[in-house]
Each structure stands twice: as C-alpha cells, then as structure tokens.
Amino acid sequence: VFKTSDGGETWSNVLSAGEYTGANEVVMDPSDPDTLYAALHQRHRTVAALINGGPESGIHKTTDGGESWRELENGLPKEDMGRIGLAVSPQDPGVVYATIELAHREGGFYRSADGGASWEKRSDYLSGGTGPHYYQEIFASPHELDRVYQMDVRLHVTEDGGKTFETVGHEFKHSDNHALAFDPDDPSYLLSGTDGGLYESWDRGQTWKFVANLPVTQFYKVALDNAEPFYHIYGGTQDNNTQGGPSETGNVHGIRNSDWFVTLFGDGHQPAVDPTNPNIVYSEWQQGNLVRHDRKTGEIVYIKPQPEPGDPPERFNWDSPILISPHDPARLYYASQRVWRSDDRGDSWTPVSGDLTRNQDRLVMPLMGRIWSYDAVWDLWAMSNYATITSLAESPLQEGLLYVGTDDGLVQVSEDGGETWRKIDTADISGVPEMAFVNDIKADLHDADTVYVAFDAHKQGDFAPYLVKSTDRGRSWKSIAGNLPDRHLVWRTVQDHENPELFFAATEFGIFFTLDGGEKWIELNGGVPTIAFRDLAIQRRENDLVGASFGRGFYVFDDYSLLRNLSKEVLEREVELFPVADAGWYVPRRPLGFSEKASQGDAFFTAPNPPFGAVVTYYLKEELQTRKEARREQEKKVQEEGGDNPYPGWTELELEAREEEPAILLTVQDEEGQVVRRLTGPVTKGFHRVAWDLRYPVPDAVTSPEPPQEEGFLDDSGGFLAAPGTYTVSLAKRVRGEVIDLGLEQSFRVVPMTEGTLDGATPAERTAFVERLGEALRVANGIDAKMDELQNRIGSIERALMHSTVSGPELDQRVREMGDRLADHRKTLQGHPVKQQIGEPTKPGVMNRLQVAVIGNRFSLYGPTATHLRSVEIAEGQLEELGTGLESLEGDLAALEEELEEAEVPWTPGRDVPEEGALDR
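Residues numbered from 1 in each chain as written. Predicted model: local features only at pLDDT ≥ 70, side-chain atom pairs only at ≥ 80, totals over all residues. Heavy atoms only, no water.

This part covers the overall build of the protein chain. For the protein chain, the helix and strand inventory stands at eight helices and 55 strands. When the backbone C-alpha atoms are referred to their principal axes, the protein chain occupies close to 115 × 70 × 70 Å. Of all 921 residues assigned to the protein chain, the portion counted as buried reaches 48%. About 45400 Å² of surface is accessible on the protein chain, with carbon and sulfur atoms providing 49% of the total. Across the protein chain, 87 positive and 153 negative side-chain charges occur, with their mean positions spaced 2 Å apart. (Helix = DSSP H or I, 4+ residues; strand = E, 2+ residues; numbered from the N terminus. Buried < 20%, exposed > 50% of the residue type's maximum accessible area, 1.4 Å probe, protein only. Areas by Shrake-Rupley, 256 points an atom, 1.4 Å probe, with all protein chains shown as cover. Lys, Arg positive; Asp, Glu negative; His and termini not counted. Charge placed at Lys NZ, Arg CZ, Asp CG, Glu CD.)

The following block contains the structure:
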C-alpha cells in the first residue's frame, strides 16, 4: 500500500515492498482529497494457476495513516486465508465486516464490533459460483446497521450482520454482481454494477431498471460474415453471450440495440461464420462448448468434439480456437490439447494430432517461488485449463499446412494436414520469454512459407509486445514488433489481402498499423479509445477493419484501403485524393421517425452508420492558411527567437479583413461532365473524409449568405437522389480568394442496392422527372423570393410616403393597388392565407402542387406516378402565369418609383441611387 498527501506528486510505501506491476484499488481520504491510498500487486511468475492466498494473507489496521500497521488476529481463522472483502459500517465505524476465503472453497462471514480488535464468525456464507476470485466485495448500507450486501452470482443481503443471507430480487436482472452504490437520501435506492451493465432499483431490489445506453461490452473475439447488403459482426463477450449485429443499417437511426441478436448463451468466445452462407454461425462458451447456430431458425446444434473411451480428458482453453478452413467451408478445425477436424460442419470429428502441449501438471509447478500443498488456497474454479491449444491457422495457399499455438509456450507445425508435427519451443525463439502464451498465429496470405505469431507474457508480469515472423515455416524467426510501445502486449494481428506489407495489430492500449511489414508501426487514432483490443478482422469485400475492444464494444474503420496507397512519397505531396468506393443507391428507412433517435429520448442508444453515399478521402500535407494565420505563425517564430514583430501595414491588415476563409472544394460530375454537386471539406493538415449524399443541391432561392433557419420542402443537405451510374470527383482549393484546380480526380460508381415490390419508373425516367421538378421548384422559390422583395419595396414606399411632402392620395392609392395585386399572386403560389390561418380547406397553390411531387419522390425510388406528373404539369402552367403577372407588376412598380424620385420622396429599396446633383435640388 502506498500513500500520497500531495495529490500524487510523491508517494510513501506504508505496507510491504517489492516490484509492482498493477493497481488493485485507489482510495481517496474523504476528509482530504489530496490524500490517496493505492493498493498494488507484485510481479510473480504465475503462469498456470491461481493461488488465491497464503501465509501472509490477513487483515491489518493502521491508526496513523499508514505509518505503522498491526495485524488483527483475535477471532480470525488460523489457517491460510485467501481473498478478503472488507466493509466498515457507515452507521457505526466500530463495526467492521469481513468475508474470508479459505482453502477448498470454504470460509465465511465475520463481524467485529470493536474496530477489529476481536472478531466473531457469523456464518459459513461465501460467494458462490465462480468463487471469491471473481466476487468478494461487500457493501455496508448507510441506512441500516448490520445490513450488508455481498457481491455474488446473485446479489445477497444480510440484515443481521451476516448470520443469515437472502437473495435480492433478480428475475429480469443480469447475474454476476461486482459493485453497489447507495443514495444517501433514499434507503430504497440501489445502483448495481454487474457483468451485464448497470441496474437501478427504487425498491431495494424487488424490481430493476436496466441502463441501456452504455456501450461497454467486453469482446474477446470477432468474426465477420459476407451478408448482403451489409455484413454482420459477431463477437464473443464476457458473460453477455455471443452476439451478432449489422455493420450498418439502411435506416436513419443507425444501429440500435434491437438490431443485435444472440447466437449463444453464457460467456461468448471465438465465433466463426461460414464465408459462403451467413446463416451458418459457430459460437462457443468457455471450456470448448461449441454449437452451430442456424440464423434462419434460431436453433443451435451442440457440436463439441468428444473423446473416445480410454482417451484422456480433453483440456479445452477458456477461449478455444475454431478455424474454418480457407480451402473448404465445410471443414472445421477445433482444438483442446489436440487438434480436431470435421468435414461436415461439426456433425462429426476426428482428431488429427496427439497432445501438442507440454502436458505439465500445474499443481506441482512452482508458483510464487515454491510448490504448494494440496491444502493451499487454490482457485481453479471457472479458470481456464492449462496446457491447451490457444491458436490455429491454416495456410490459404497450401492446403493442410497447419499451425498451432499453446498456452505453455509451444508452436507446432504440420505440413501434411496433421499426420506429423514439428515442435518449436519459445526458448528457441530469440527475445521471446520462455513459456510465453501464444495469443495469435496467422499464416501469410501471400506466401505459403511465412507465418506470424503474437506471444503474451503478461501473466509473468511482462507486458512487452512480442510479435515474430518466420519465412521458413517456423525454422527461424525475427521480431516485427518494431517500435510498438512498451507494455503494449499484442493480442492479435491481421494482414491486408492485397498489400503483403500492410498489417494491423491489436494491443493492450489500441490499434496500430504498419506499411513495411513491421519495421515501423503507427497508431490508429480517429476516435479509438485507449483500451485493450483483443481481436481484429478484415471484411475483404468492403475493406473494413473491425476491432473487438475489451470494454467499449466494436469499432469499425470503414474502407481502410487508402492505407494501401500510403508511402513517403504520397505523404510529401501537397495534396492526395484517394480512390472512392462504390456507393449504394437507396432511400434510408425511417422505422421510428426522422431523426437519429426519433422521439425515443437521450437514453435510446444508437451507434452511427457510416456516412450515406460516396465517401471521398483526401490528404493535406499542410493546413491551408489565411493571410492572418500565416502572419501569426511567422510572428510566433520571430517572437520565440526574441525578434521584433512590427505591424504589417494598413493595406495588409485590410486584405486580411476582406479575405475569404480557405476551403477545399469538391466537385462531383456525372458521365456527361455535368456538375451534380459542389461540396467543401476541411483544410487542416492530415486525412479527411467528406461524404456526398448522392443528392442534387436543393433548388431553394438563396436570399441570404446564411442558411435558412427553417427548412423548406427539402432539407439544406441535398435535394433529390441522382441516378445510378459513374461519377467523378475532383479537388480544388480556395486560398486568398483564388480557386486553384489541384488536378486530382477519382471516378466511382453509384450502384442500386434495393429492388421494390412493384415495378416503377426507370432510373432515366426518374432522373428526367426530378430535373423537371427541380427546375419547377427553382422557379417557384425564385418567385416566392421575388414576392418578398416586391413586398419589401411596396411596404417601404407606403412608409416613405408618410415621410414625404407629396400632396393628394393618388400615389397612396396606386401603392395599395399594387399590394393587392401582389397578394393575389401570392395566393396563387401558396393558397388562401385567411383560410389557412384557421385550417379551412383551400384550393391548392403552386407550392401545394409541387409538395405532392416532392413528398412522393423524396422518400421513394418508385415514382413518378401519374399524380406526381400531373401535379407538376399544373404547377408549371401556374408558374408561367405568375411569371407574366409579376413581370407586369414589377414594371408598374418601377414606373411608380421613378415618379417618387421626381417627387423627392425618401429613397426606398429598388430605386436607383440618387443622381449626381440631387443634393443641389
């Protein structure tokens, strides 16, 4: 135990000594936030089993902040104790509770009424299920003396200081409780932290509310299928089943909790999916329990290999490896201490090896420097077996070239489908710790002689990354860990299927990639948290990288193919535009409403879909700067060197004030070279992605440099969908008011993704219609804006006449008549305003006619229907009449404005600037 009194600047050792590698707990002194206590654990060469206690286990007490300690013994067990849970009653600090583990899963609950001076055993109750190594926390209620909650598979509570325990309600709550919090003002409130997440209760556990918006799933492994149009992601989780869900959805809400499904109960581990049939999913729970899940029916078939009479027991790892052969989707490999093969998708199995491990008895292996008695505090329940196979691989280039990795530091190679095996010991691999756990084996996708192995020595207190490569099937090795940071142990590595030098590594603290086969590694940031990633997989069709994190769910790097094109030469260029993947053409569904969370509230969890449409990726070596930014950057350098920075002159400052912001301009064109959309992108240095949503621009009139506060028929992001086909995107930059073509262009396809129940219009017919509709909307919006302009001119004249010296009512009357004519035109455009004010039906105006066509084609690729066509036809005729009427009105208004100028009426919008000499008059 270490203590700090200055917020962590300095620490003093207040209990024990040694080499420390991890923290068990950090506690703050409630009376002094700068005082912290940290409980650390020492490094031990414990690789095979857990000794959960020993002769030095006990309860110690300090009354001087850790300067001195006294062991408490009166009333406590005399034999070796294991894990101990402690709690002090908030009702009476002299009352202390302890739950104590002893050997052979025995122990009990103890209570002290005198601050630990003496103890009384209250009962034999000890946390069950997986045992004290997994649960041993106890929490004393702040509301009732001797009410103590024991963390367990099911939450338990005692009301009498440990004499008796009852199970707290759990009918619709996840098991495996680990943490509990109380509301100091509500004795009925409980907040429980379990393997399944957070639960709240307002009736002391009779009923529970699940907190469903925390993406904190712990995934061990990941598998991907080839489903269309969107592939699925499968993961084995810590005590939350094996789950599957879409990589993206065709709706506006993204990926919801309800889009996920369970393929198998229990703790999930390594899944696998038939690459030719996404309905065949393999899932497992710990200790090798394997099933085949049928997504069509939801059924599972138990297919765990079974030993023959006389065979020794099978030792399956907690997370047993399964492999679908790259040469035959019906062929499976599975492993215990030996390799099993099935050629009928698991219906039957044949062992193709003997025991490929060291087969050591862990009960006689040295742990913490000694061999322990049978009566020591062993804890092997719910632990992985030892001397098991942990990794499998088969070369995709040579059938029957198999690789095996074990948890006791062996790599085995068979070049004949398992008939014979060649053993490689970690002791023979330079730089790899002896007996290191094999986390991963991958056969090279491009060279049959090359294999990669990730080793793990963290159970020995060594968190260094060990990643090695052999180009001669394991006869010699070299490290490719390169510059991976210290303590970033490697869990998994995957190789790109096109570029043999491009690899990704999942480590204890993030994801890295290399472009040179492991000489130099680069961390992938982009929103990825600093957390352990236990597995990686590549969806080859989409070029997606999927990472399984242990605590923050899945992360997807959409279309990483740009990394294949990276090089020093590319990164030295001013700008680079990367290939654009095909874009799916469809109308997103809205099953719950329009927005991402619809009306479900902030607690409704959604994960975002990838951007809809064509995603354009570009790279900028340097940020595009304004004049001011460039000047300030240079001035900072001068300032750091102690130089002077005189002002640049008024002319330069005025140029800075007038300058437009720099921009990257993206121009999308169709096959005929017609511009379809113009977009802007970020100007900072580095990589950027901009999505074209496959839509034309909105045809709304632009009356202000700022976007409108309220959306019209079409939102401001885009108009109607463009047709499927081939498009190009090009880049330009706007710097200091000048637009410069960067000479970069990429082509891509827009591909239909869905097919309607009924046959509708062809893409060509639809394109012709939406162009026609778009032109009608452009004219209608222009007329609407023109009416606003005329209304402003007429209203201003009415006010100006009141400020003039014109005599007689003639001009006032003419202005009022023009206002009436304008109101009639507006009624034609928008409908009867007075009737609309109270909701009375009115004849449809032009905008109503066009709205019919907009709604009919904004959310569908079926139309146009005959109704849509007729609505546009009627609107076009009315627009022509409106154009003629407004032209006449504007001519009359211009003539009136000339008369106003002659009469020296105050200036109003729409009139020319007063002529020279007007002031002389």
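Further remarks concern the packing of aromatic side chains. Each aromatic ring pair is summarised here by two numbers: the centre-to-centre distance and the angle between the ring planes. Under the criterion given, the structure shown has 26 aromatic pairs. When the centroid spacing of 5.2 Å and the interplanar angle of 70 degrees are considered together, the rings of Phe109 and Phe165 count as edge-to-face. Highlighted residues: Phe109 in strand 9 (residues 106–112) and Phe165 in the loop between strand 13 (156–158) and strand 14 (166–167), separated in sequence by 56 residues. Take Phe109: its relative accessible area is 0%, and that puts it in the buried class. Here Trp260 and Phe554 contribute two aromatic rings whose centre-to-centre distance is 6.1 Å and whose plane-to-plane angle is 15 degrees, an arrangement assigned as stacked. (Phe/Tyr/Trp six-rings, centres within 6.5 Å; stacked < 30°, edge-to-face > 60°.)

This part takes up the pairing of strand 51 (residues 663–669). Of all seven residues that make up strand 51, six are buried, and the element is covered over most of its length. Direction of pairing for strand 51 relative to strand 54 (residues 725–735): antiparallel, over a ladder of seven bridges. Paired with Val668 across the two strands is Val729, which belongs to strand 54. When strand 51 meets strand 52 (residues 675–681), the two strands line up antiparallel, connected through six bridges. Bridge pairing in strand 52 places Leu666 opposite Leu679. In textbook terms, the turn of a hairpin is the stretch between consecutive antiparallel strands, and for strand 51 and strand 52 this stretch comprises five residues, one of which, Gly673, has a positive phi near 85 degrees. (Pairing = 2+ DSSP bridges.)

One pass over the full model with this rule turns up 52 salt bridges. Residues Arg564 and Asp496 are paired through a salt bridge, measuring 2.7 Å at the closest nitrogen-oxygen approach. Of the two residues, Arg564 is situated in the loop between strand 46 (554–557) and helix 1 (568–572) and Asp496 in the loop between strand 40 (490–495) and strand 41 (503–507); the sequence distance between them amounts to 68 residues. Residues Arg564 and Asp496 agree in their burial class; the two are buried. (Salt bridge = Lys/Arg side-chain N within 4 Å of Asp/Glu carboxyl O.)

Quick look at the side chain of Asp195 now. Counting through the fold element by element, Asp195 comes out in the loop between strand 16 (186–194) and strand 17 (197–201). Within the buried core, Asp195 has no salt-bridge partner, and the shortest N-O distance to an opposite charge, that of Lys173, equals 10 Å. At 2.6 Å, the side chain of Asp195 forms a polar contact with the side chain of Tyr134. A polar contact is formed between the side chain of Asp195 and the side chain of Gln238, at a distance of 3.2 Å. (Polar contact = N/O pair within 3.5 Å; in protein donor to acceptor, adjacent residues only side chain to side chain.)

What follows deals with the sheet that holds strand 31 (residues 350–351). The strand order across the open sheet built from four strands is 28-29-30-31, with neighbouring strands paired in antiparallel fashion. In this open sheet, the two strands that pair with only one neighbour each are strand 28 (322–324) and strand 31. As defined by bridge partners, strand 30 (residues 339–342) adjoins strand 31 across two bridges and the pair is classed as antiparallel. Each residue of the ladder has a partner; that of Trp340, found in strand 31, is Pro351.

For the rest of this paragraph, the subject is the pairing of strand 37 (residues 451–457). Counting buried residues along strand 37, seven of its seven residues qualify, which places the element largely inside the surrounding structure. Of the two faces of strand 37, the one carrying Val451, Val453, Phe455 and Ala457 and the one carrying Tyr452, Ala454 and Asp456 are both buried. Hairpin connection from strand 37 to strand 38 (residues 462–470): four residues lie between these consecutive antiparallel strands, with Gly461 at a positive phi of about 85 degrees.

A separate point is the packing of helix 4 (residues 763–802) against helix 5 (residues 810–830). Where helix 4 meets helix 5, the closest approach of the two axes is 10 Å, and the angle between their N-to-C directions is 160 degrees. Taken together, the axis directions place helix 4 and helix 5 in an arrangement best described as roughly antiparallel. In terms of crossing hand, the pair formed by helix 4 and helix 5 is left-handed. Two secondary-structure elements touch here, helix 4 through Ala780, Ile783, Asp784, Met787, Asp788, Leu790, Gln791, Ile794, Ile797, Glu798 and Leu801 and helix 5 through Leu811, Asp812, Val815, Arg816, Met818, Gly819, Leu822, His825, Arg826, Leu829 and Gln830. Considering only residue class, the contact of helix 4 with helix 5 consists of twelve nonpolar, four polar and six charged. (Axes fitted to C-alpha atoms, helices over the stretch in contact; angles between N-to-C directions. Parallel < 35°, antiparallel > 145°, perpendicular 65-115°, else oblique. Left-handed = near helix turned anticlockwise from the far one by under 90°. Contact = heavy atoms within 4.5 Å. Nonpolar A, V, L, I, M, F, W, Y, C, P; charged D, E, K, R; others polar.)

What follows is about the nonpolar core. Counting 66 residues, the largest nonpolar core has Ile664, Trp692, Tyr727, Leu731, Phe748, Leu773 and Leu829 as the members making the most contacts within it. Broken down by element, this core gets its largest block of residues, 13 residues, from helix 4. When near neighbours in sequence (up to four residues on either side) are disregarded, Leu731 contacts Val575, Leu577, Tyr618, Ile664, Leu665, Leu666, Asp741, Leu742, Gly743 and Leu744. The next biggest cluster of nonpolar side chains, apart from the first, holds 20 residues, and it includes Val411, Ile424, Phe455 and Trp477. (Core = buried A, V, L, I, M, F, W, Y, C linked by side-chain atoms within 4.5 Å.)

End to end, helix 5 covers 30 Å across 21 residues, agreeing with the expected 30 Å (1.5 Å per residue, within 8%). Within helix 5, the full set of buried residues consists of Leu811, Val815, Met818, Gly819, Leu822, His825, Arg826 and Leu829. Projected down its long axis, helix 5 carries its buried residues within an arc of 125 degrees, all on one side. Of the exposed residues in helix 5, those oriented more than 90 degrees away from the buried face are Glu810 and Asp820. Once helix 5 ends, the next one or two residues include Gly831, with phi positive near 100 degrees. (Expected span 1.5 Å × (residues − 1). Arc of directions from axis to C-beta.)

The sheet built from four strands is open, its strands ordered 40-41-42-43 with antiparallel pairing. Lying at the two open borders of the sheet, with one neighbouring strand each, are strand 40 and strand 43 (521–524). Taken pair by pair, the neighbouring strands of this sheet meet at an average axis angle of 25 degrees, ignoring direction. Of the pairings in the sheet, the one linking strand 42 (residues 510–514) to strand 43 comprises four bridges and is antiparallel in character. When the bridges of strand 43 are listed, Phe513 appears paired with Ile522.

Turning to the environment of Lys3, a few remarks are in order. Checked against the element boundaries, Lys3 lands in strand 1 (residues 2–4). Note on Lys3: relative accessible area 15%, which makes it buried. For Lys3 and Tyr37, which are 34 residues apart along the polypeptide, the C-alpha to C-alpha distance reads 4.6 Å. Beyond its immediate stretch of four places on either side in the chain, Lys3 contacts Thr10, Trp11, Ser12, Val14, Thr35, Leu36, Tyr37 and Gly65. For Lys3, the side chain forms a polar contact with the main-chain oxygen of Gly65, separated by 3.1 Å.

Attention now goes to the packing of helix 5 against helix 7 (residues 846–858). The geometry of helix 5 relative to helix 7 is characterised by a closest axis approach of 4 Å and an angle of 20 degrees between their N-to-C directions. For the element pair helix 5 / helix 7, the angle class is roughly parallel. Where helix 5 approaches helix 7, its residues Thr828, Leu829 and Gln830 are matched on the opposing element by Val846, Met847 and Asn848.

On to unusual backbone geometry. The residue after Glu228, namely Pro229, is reached through a cis peptide bond having omega -5 degrees. Mapping Pro229 onto the fold places it in the loop between strand 19 (219–224) and strand 20 (232–237). Note the cis peptide between Gly863 and Pro864, where omega equals 15 degrees. Residue position: Pro864 is located in the loop between helix 7 and helix 8 (866–902). Backbone geometry places Arg105, a non-glycine residue, at a positive phi of 60 degrees. Structurally, Arg105 is set in the loop between strand 8 (96–102) and strand 9.

Don't take any of this as a statement about function, it's just geometry.
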